[in-house]
Amino acid sequence: MRIALYVTCLVDLMRPSVAFAALRLLEATGNDVVVPPAQTCCGQPAWSSGNRPLAATLAQKAIAELEGYDAVVVPSGSCAEQIVKVYPQLFTDDPVWGPRARALAGRTHELTAFLAEVAGLEAVPGEFAGSVTYHDSCKGLRGLGIKAQPRALLARVKGLSLQEMGECEECCGFGGAFAENYADISARIVDRKCDSIAAAGADAVVGGDLGCLLNIEGRLRRRGDEKTRVLHVAEVLAGEVKA
Amino acid sequence: MKAGHSQAMFFQSRAAEKVRNPVLQKALQKAKPLFSGKRAKSMAALPDDGLEFEQLRDACAGIRDRALTDLDVWLEIFEDNARARGAEVLWARDGDEICKLVIDVAQRHGVRKVTKSKSMLSEEAQLNEALAAAGIEPVETDLGEYIIQLAGEAPSHIIAPAVHKSLEEVEALFAKTHGRPQEERTSADIPALTREARGVLRQHFLSADMGISGANFLIAESGTAALVTNEGNGRMVTTLPKLHVVITGIEKVVPTLEDFATLMRLLPRSATGQTISNYVSLLTGTRSEEEVEGPTKTVFILVDNGRASLVGSAYQEMLRCIRCGACMNHCPVYFSLGGHAYGWVYPGPMGSVLTPLYTGIENALDLPHASTGCRQCSSVCPVRIPLPDLMHGLREIQHERGLRPWGERLGLRAWAWLATRPALYRALTRLAARYLNWLADGSGRIRIFGFAPGWTAARDLPVAGNRTFFEQYAARKRD
């Protein structure tokens, strides 16, 4: 199987280690892994703002460069949801792009779902001496049903113990442009998330979406929490975590 | 469409004030787990009664859709049956017409005092103000509504109108209004405060000339108004005065009693976590000769106020709404602000869809955007309204009509222009990574970032290094 890794623009710019971790995990499945070189952004910001034509332009670009692979894997629930759920909506009645969007949607997977359900990855390379608490990101959870997969994989990380937080399915308040445009509200929501994380008392909070993680980490640090680590699930599974 | 009394354009400034109000934040923080916890518990118990949530929502959504598909037909059937049982049926196009019809009925019957059971339609019409201006005293008898009427405020939640009020605020209001000294109160005193309100309200029930209620549903086959309540005030309002006026939206009609019974499986559970509410009243027609209680005159006022324009539109699903409040009870934005920030009658996700549709898209620009897109609302909605998708549709309309700020439009176009030119995109993101790293100055975070002032007002921006993934990946491949 030839797998394309869709890095996502946020990981490319803000946390490259997530993509390297995803590469390592995908290679561990014994498949051919390719990073399509022209990929940029899936178009989610345009879609969220209501700009359908612009979202469609970026979707066409992504469809053209990703459709030649057996599977496309995305280390983000929200970008994966954009391809899986939104791309087909963008071209519902389009005789050319409609079938191509639907075909790509059928072959695109969020990283932990791919590892657990498609590739059936048994052993994970990562080790983590400590406890983690898992934040379920909204688009992954309610959009794609990502819930059991990351937990099943984390259970195989040597040394790791899972310490669930209260209201782990509650939104962190990121919401893309929402965090900037409605900063007051977003700050109030992420504060509640930070309270839940603090109450869980784990060494690290782990999630599958970098946007949420940057939001959570940024707020934890601003509140003076320098101790709780904020990690992407790929980093933990692959052992891409600096001590 | 006119904005009416909507204040939705002031969402941002109101939100800024609400997140900084400690009394409100404490009240919301207390209410949140109660709402979601009670609902979750009752839903988890559905299998004990041989029921299943997803199947029930399919059934409930189906019932609502059937009624909406032939709305005109069901309304006519309702009208015929209600008239056959002695009720009068009137139609109101908007809030002003509601006020006119109610005041006209009241004046024809020499009404001086009106007791009211909860009605959001009367909020749409600002009926209390209109009644007072016509010299008729309106008394809200739902405890929460009574409290906010004393405070001169609007409801902040559709089923818990005074959820934003603290115990201390209620005590102060009661002391002032009921003419007694203020006392130190704890939550153990809530029953005493409730008894106090009950004593005052009892006098109003006995002296009112007319009762006004809403209706949770109109049942077409029997011409019945169904009322789902917990406090018993609804019964007083609808049976003690000789004259009963029901004000409700035209979308509330369901074909049969059987349909109503199915909807009742989910309405109380979704709203308050009850398997059934304390009172379920089915009000049909006027008092017959062998009956000893009930009104001698019943008037239905069936209201459009924007609803008919949604029938057959991309927003028809919104008319399925049975006003349970579950969407706001599970909304992270609602619980950061309370209901008043939304600026009109309906708060939370359902309000973020209804307010722009009923008061004008250009008059509520923030509401469809003030959502993280978390989809908690649609995952609990008992009639499967795709609230996030409807909000998204409103965002698209804003874009198409050029209602988005120029900075956002320009920024997105520049971003998309760049994102469709990979070589240039790589070069600029390489520069951006270096710039961010320079701003972080070895600390791993940026504390004040001019390009995202909102973000860094409350949080740091974590920075991982000075090279993008694609830059590092190309270097690794070369090695």
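None of these values were measured; they are calculated from a predicted model.

(A) Summary view of the environment of B:V163. Residues and elements named next belong to chain B. Structurally, V163 can be placed in the loop between α8 (143-151) and α9 (167-178). Distance in space between the C-alpha atoms of V163 and G351 is 17 Å, their sequence separation being 188 residues. Leave out the neighbours within four places in its chain, and V163 touches A27, A31, S156 and H157.

(B) Broad picture of the UniProt feature "signal peptide" (unreviewed entry) in chain A. The sites that UniProt annotates as "signal peptide" (unreviewed entry) are residues 1-21 of chain A. As annotated, residues 1-21 of chain A has a helix share of 57% and a strand share of 19%, and its two end C-alpha atoms lie 19 Å apart.

(C) The arrangement of the domain arrangement of chain A in detail. All names here are of chain A. Taken as a whole, chain A is organised into domain 1 (2-117) and domain 2 (124-238). A C-alpha centroid distance of 22 Å is found between domain 1 and domain 2. Listed by partner, the interface residues are 30 residues for domain 1 and 24 residues for domain 2. Only α1 (9-14), α2 (16-28), α3 (44-49), α5 (77-90) and α7 (111-118) provide two or more residues apiece to the side of domain 1 that touches domain 2. Counting residues per element, the side of domain 1 that touches domain 2 draws most heavily on α2, at seven residues. In the side of domain 1 that touches domain 2, the residues fall into 16 nonpolar, eight polar and six charged.

(D) Quick peek at helix α1 (residues 11-19) of chain B. Looking only at α1(B), the buried set comprises B:F11, B:A15, B:K18 and B:V19. Down the axis, α1(B) shows its buried residues gathered within 90° of arc, on one side only. Buried residues belonging to α1(B) abut α11 (183-200) of chain A together with α2 (22-44) and α14 (334-337) of chain B.

(E) Spotlight on the interface of chain B and chain A. Tallying the contact residues gives 48 residues for chain B and 51 residues for chain A. The leading source of residues in the side of chain B that touches chain A is helix α18 (residues 406-419) of chain B, at six residues. Across the side of chain B that touches chain A, the residue classes break down as 26 nonpolar, 13 polar and nine charged.

Each value, and the rule that gives it
Residues numbered from 1 in each chain as written. Chains lettered and ligands numbered in written order. Predicted model: local features only at pLDDT ≥ 70, side-chain atom pairs only at ≥ 80, totals over all residues. Helix = DSSP H or I, 4+ residues; strand = E, 2+ residues; numbered from the N terminus. Contact = placed C-beta atoms within 7 Å. UniProt positions renumbered as here; feature names shortened; annotations may be inferred. Domains from an automatic or database assignment. Nonpolar A, V, L, I, M, F, W, Y, C, P; charged D, E, K, R; others polar. Buried ≥ 20, exposed ≤ 12 C-beta atoms within 10 Å, placed from the backbone. Arc of directions from axis to C-beta.

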